[in-house]
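# Coordinate analysis (summary)
Residues per chain, in single letters:
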Amino acid sequence: MTEQEQQYVFYGGPLVNSVHCGCSSLGSLILKRLKQNGQNVAFINAVTGEIVTFAQILEQSLKVAYQLQKYHIGKGSIVAVISENRIELPVVSFGAFYRNATVIPINPNYTAIEMNHALKLVQPQAMFVSEKAATTLFSLKPQHSYIELCVSLDNQPLGQDWICFKKWLEQTNTATDSPGPVILQNDVTLMVMSSGTTGLPKAVQLTHHNVMTVIAYMREDPRYTQLSVPIRLLGILPFYHVYGFMLTLNVCCNKYPMVVLPRFEPDLFLRSIQEYRVTMANLVPPLVIFLAKHPSVDRYDLRSLQAILCGAAPLSKDVEEQVLKRLPQVQSIRTAYGMSESSLGVISRVNDKAGSVGRVHKTSWVKVTHVASGKTIGPYELGEICIKGPLVMKGYYRNTEATKMAIDSAGWLHSGDIGYFDDEGDFFIVDRTKDLIKYKGSQVAPAEVEDILLSHPAIKDAAVVGLPDDDCGELPAAFVVRQDGHQLSENEVKRFIASKLSPQKHLRGGVFFLNEIPKTGSGKILRRELRDFVTKYSKAKL
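Let me begin by describing the structure that accompanies this report. Bear in mind that the values here come from a model prediction, so they are computed numbers and not experimental data.

Counting its secondary structure elements, the protein contains 17 helices and 27 strands. For a compact globule of 542 residues, the expected C-alpha radius of gyration is about 24 Å, and the protein comes in at 23 Å, within 12% of that figure. Seen through its principal axes, the protein has C-alpha atoms that stretch 70 × 55 × 50 Å. For the protein, the share of sequence-separated contacts (at least 6 apart) that also reach a separation of at least 24 residues comes to 68%.

Right, let's talk about the sheet that holds strand β3 (residues 51-53) for a bit. Sheet architecture is open: nine strands sit in the order β3-β2-β12-β11-β13-β14-β15-β16-β17, paired in mixed fashion. Looking at which strands have only one partner, the edges of the open sheet turn out to be β3 and β17 (359-360). Across two bridges, the pairing between strand β11 (residues 233-235) and strand β13 (residues 280-283) is parallel. When the bridges of β13 are listed, Leu233 appears paired with Met280. Strand contacts of helix α10 (residues 242-254): β2 (41-45), β11, β12 (258-260), β13, β14 (307-310) and β16 (344-348), with the helix running at about 135° to β2, the strand carrying the most contacts.

In the structure shown here, the tally under the stated rule is one cavity of 30 Å³ or more. Of the pockets and cavities examined, the largest cavity occupies roughly 290 Å³. Contributing to the lining of the largest cavity are 25 residues, with Arg223, Tyr243, Ala336, Leu344 and Gly345 lying nearest its centre. Counting only elements with at least two residues in the lining of the largest cavity, the list comes to α8 (208-220), α9 (222-225), α10, β15 (332-339) and β16. In terms of residue count, the dominant contributor to the lining of the largest cavity is β15 (four residues).

Before going further, it helps to examine the pattern of salt bridges. Tallied over the full model, the rule gives 20 salt bridges. Measuring nitrogen to oxygen at the nearest pair gives 2.9 Å for the salt bridge that ties Asp187 to Lys75. Remark: Lys75 occurs in the loop between α3 (54-70) and β4 (78-82) and Asp187 occurs in the loop between α7 (165-170) and β9 (188-193); sequence separation between them is 112 residues. By relative accessible area, Asp187 is classed as buried at 12%. Look at Lys75 and you get exposed, because its relative accessible area is 52%.

Within the secondary structure, Glu320 sits in helix α13 (residues 317-326). When its relative accessible area of 3% is taken as the criterion, Glu320 is described as buried. Within the structure, the side chain of Glu320 is placed 2.5 Å from the side chain of Arg349, a separation counted as a polar contact.

A few words on the nonpolar core. Residues Ile57, Phe128, Phe165, Met246, Phe269 and Leu291 are the most contacted members of the largest nonpolar core, which totals 131 residues. Examining the composition of this core, we find that nine residues originate from one element, α10, more than from any other. What Phe269 contacts, discounting residues up to four positions off in sequence, is Leu234, Ile236, Leu261, Phe264, Leu283, Phe290 and Leu291. Grouped together as the second largest cluster of nonpolar side chains are 25 residues, Ile78, Ala80, Ile106 and Val122 included.

The next thing to look at is the packing of aromatic side chains. Under the counting rule described, the total for this entry stands at 18 aromatic pairs. Taking the centre distance of 4.7 Å and the plane angle of 70° together, the rings of Phe10 and Phe421 count as edge-to-face. Pair noted here: Phe10 is in strand β1 (residues 10-11) and Phe421 is in strand β21 (residues 413-421), with a separation of 411 residues, a long-range link. Ring plane angle 45° and centroid distance 5.5 Å describe the contact between Phe421 and Phe427, whose orientation is recorded as tilted.

Turning our eyes to something else, we now look at the environment of Glu220. Considering the arrangement of structural elements, one finds Glu220 in helix α8. Residues Glu220 and Gln160, spaced 60 residues apart in sequence, show a C-alpha to C-alpha distance of 48 Å. In contact with Glu220, not counting residues within four places along its chain, are Leu15, Val16, Asn17, Thr225 and Lys362. Polar side-chain contacts of Glu220 include one of 2.8 Å to the backbone nitrogen of Asn17.

Within strand β18 (residues 365-369), four of the five residues are buried, which leaves it mostly tucked inside the rest of the structure. Sheet analysis places β1 next to β18, joined by two bridges and oriented antiparallel. Note that in β18 the partner of Phe10 across the bridge is Val366. Direction of pairing for β18 relative to strand β19 (residues 383-388): antiparallel, over a ladder of five bridges. Residue pairing across strands places Trp365 opposite Lys388, the latter belonging to β19.

Next up on the list: helix α12 (residues 285-293). With eight of nine residues buried, α12 lies mostly within the body of the structure. Lining the buried residues of α12 we find α11 (266-275), β13, β14, α13, α15 (446-454) and β25 (459-469).

About the thresholds
- Throughout, a residue's number is its position along its own chain's written sequence, starting from 1.
- Per-residue local features of the predicted model are confined to residues with pLDDT of at least 70, and side-chain atom pairs are confined, for both listing and counting, to 80 or more; whole-chain, interface and lining totals are unaffected and use all residues.
- Just so you know, side-chain values use all the structure's heavy atoms and leave hydrogens and water out.
- Numbering goes from the N terminus for both helices and strands, where a helix is a DSSP run of H or I of at least four residues and a strand is a run of E of at least two.
- Atoms considered for the radius of gyration are the C-alpha atoms alone. The globule rule reads 2.2 Å times the number of residues to the power 0.38.
- Note on contacts: a residue pair qualifies if any of its non-hydrogen atoms lie within 4.5 Å across the two residues.
- Strand pairing is assigned whenever DSSP identifies at least 2 bridges connecting the two strands.
- Axes here mean lines fitted to C-alpha atoms, for a helix over just the part in contact, with angles spanning 0 to 180 degrees between N-to-C directions.
- Every definition here rests on a 1 Å grid over the protein atoms only: cavities are sets of points where a 1.4 Å probe fits but cannot get out, pockets are open sets enclosed by protein on both sides within 12 Å along at least five of seven lines, and lining residues have some atom within 4 Å of a point.
- Grid points are joined across faces, edges and corners, and a volume is the space filled by probe spheres set on the points.
- We define a salt bridge as a contact between a side-chain nitrogen of Lys or Arg and a carboxyl oxygen of Asp or Glu at a distance within 4 Å.
- Buried, partly exposed and exposed residues are distinguished by accessible area as a fraction of the type maximum, computed with a 1.4 Å probe on protein chains only: under 20%, between the cut-offs, and over 50%, respectively.
- For this analysis, a polar contact is any N or O atom pair within 3.5 Å, provided that within protein one partner can donate a hydrogen and the other can accept it, and provided that sequence-adjacent residues contribute only side-chain to side-chain pairs.
- Take the buried Ala, Val, Leu, Ile, Met, Phe, Trp, Tyr and Cys residues and link them wherever side-chain atoms come within 4.5 Å; each set so joined is a nonpolar core.
- Aromatic pairing here means that ring centres of Phe, Tyr or Trp (its six-membered ring) are within 6.5 Å. Orientation follows from the plane angle: under 30 degrees is stacked, over 60 is edge-to-face, and everything else is tilted.

Set out below in C-alpha cells:
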C-alpha cells in the first residue's frame, strides 16, 4: 500500500480498559459480571411481566452447565438454541459458554429445508428448542443422529427422547463455576448464521476474543455512556441474529436491564415502551419506518424513549427526520454499520450528520477500495468497505473457499457493501455490490431509490431490484406497500420517482404492489424473493 493510500485507512484507536479483564474465556467473563451485578434487574418479560435478576440468570445458567457436563458437552461441542426471544435463550447460552462449548442460535422461523441445511452444516450435539420450532425439529431429528441431547424449552414432551427444560434444571442443585482456559484468539465460542440474502446461509465463527472485544467496546460506547437518563433497553431484535445476541451479552456483562419481546406486534411493541418506560431502543430500519409512519404510534405515550440505535441495513435520512419530528423527545437516532462477519458494528454515528453511519469504532481499521482494482481510494469515491482488526471473524465453518473469498491474505474482510467517506471521516453506505443495478452501463443503488419512495406519504414500505433486460442490462423495478387507506397507482409511483431522480433511476421495470416486503429477521430485504416473484408473475400472465 502506497503512502497516499495509507492516509485513507481509518483506525478507531484503542479501548481504554482491558478486553479480557483478567478472564481466560468468555464464560469466565460472564460469570464474573453476573456475580458483580447481583440482585439488580436483568430481564423483564414484556408479555407476562416476569422480572429476572442477574443472580437468577447466574443460578440457572450454572445448572445448565452442570447438566451439559453430565452429557460430556464441552470444548469442541456445538449447542444449538432454536427459539424466539425469551429469557431461557441467554440462560442456555451462558451455561454452554461455561463449558467452553460453541453456541449457535438458529432462527425458529426456518422452513424444514432451511433448518435441515443449518443442522447438517453445524451438526450440534445438543439443541434447545421452543414450541415455535418444535414441529419442524421433531420431523427432522431422525435424520441427524449426532444430536445427543434434545430439550424442549416450553416443557412440552415432544417425544420419548426429549427432555423438558424446567424439569431438567430441577434435577440438580449442584453447579460448577470454573470454566477452563481457552486460546482466546483461536477457539470459537459463538456461531451465527449469515443472512442468506444472496445464497444459502453460512455459519460465521466468532472467537472468544471477538466476542469479548464487542462486550468491552459496548462498555465504552459513547451512545450508551453519554445518554442523560438511566438506560432500559428494548429486546425486540431477534436473539438468533448477531445484533440481538450481542445485546443480551451487553445486558448481563454491562448491567443494562432489558424488556424482552418474543415477537413484533404493533401494540405489544408500543405498549412495552410505554408501560416499562424504555429509554433506548435498538432497532432495524423496518421498525424505525414503523415509528415514522404507523398511525398507532400516536395512541401511546412514548416520552420515555430518548435514544434509538439502528443497524443491520441502511436507514434513509428522510425516515430519520420523520421520526425525530414525530417523537421530539428522542435525543438522537444513532445509526451503525457492521455485519455478522465483523462480530457486529465497526462504524457508528455519535453526531447529528443524518444519512451517515458514523466513524470507525475503537479497535478497528476500515478502508474503501475500488471494486475492480482493489486499490484503496479517497473521500467521496464509491467503493467496497473493507474491515480489519479483532472483530473480524475467524472464518466460515466448514467452508474454506468462502472464507478465502471474504478475507484476503492481509487480513482484510471484504464486506460486499458499497460506500464512501467524506472529508471528516464519516462513512456512508450506499448498497451491496451484488445489489447494484446496471442500467445501460450506469450503476443504480437500490437504497437511493428506496429512500425517495419512502418519503412519499402514501408509501408504507418499499424495495427496489434490477430485472434482466436484453437491451439495457437491468431495469429498476419497485415493490411498494401502500399506507392503509391510501390509493396509489403504478403511474403515480413512476412519475414521483421521475420527478426526483435522474433518468437511469426511473422505474422502467415496473411497480408491483405487495402487502409486505420480504425481509430477514434483521431487516435486510430479500431481493432474491422479489426477483422470483416477478418471474412467477410474468409466467402467470403468459
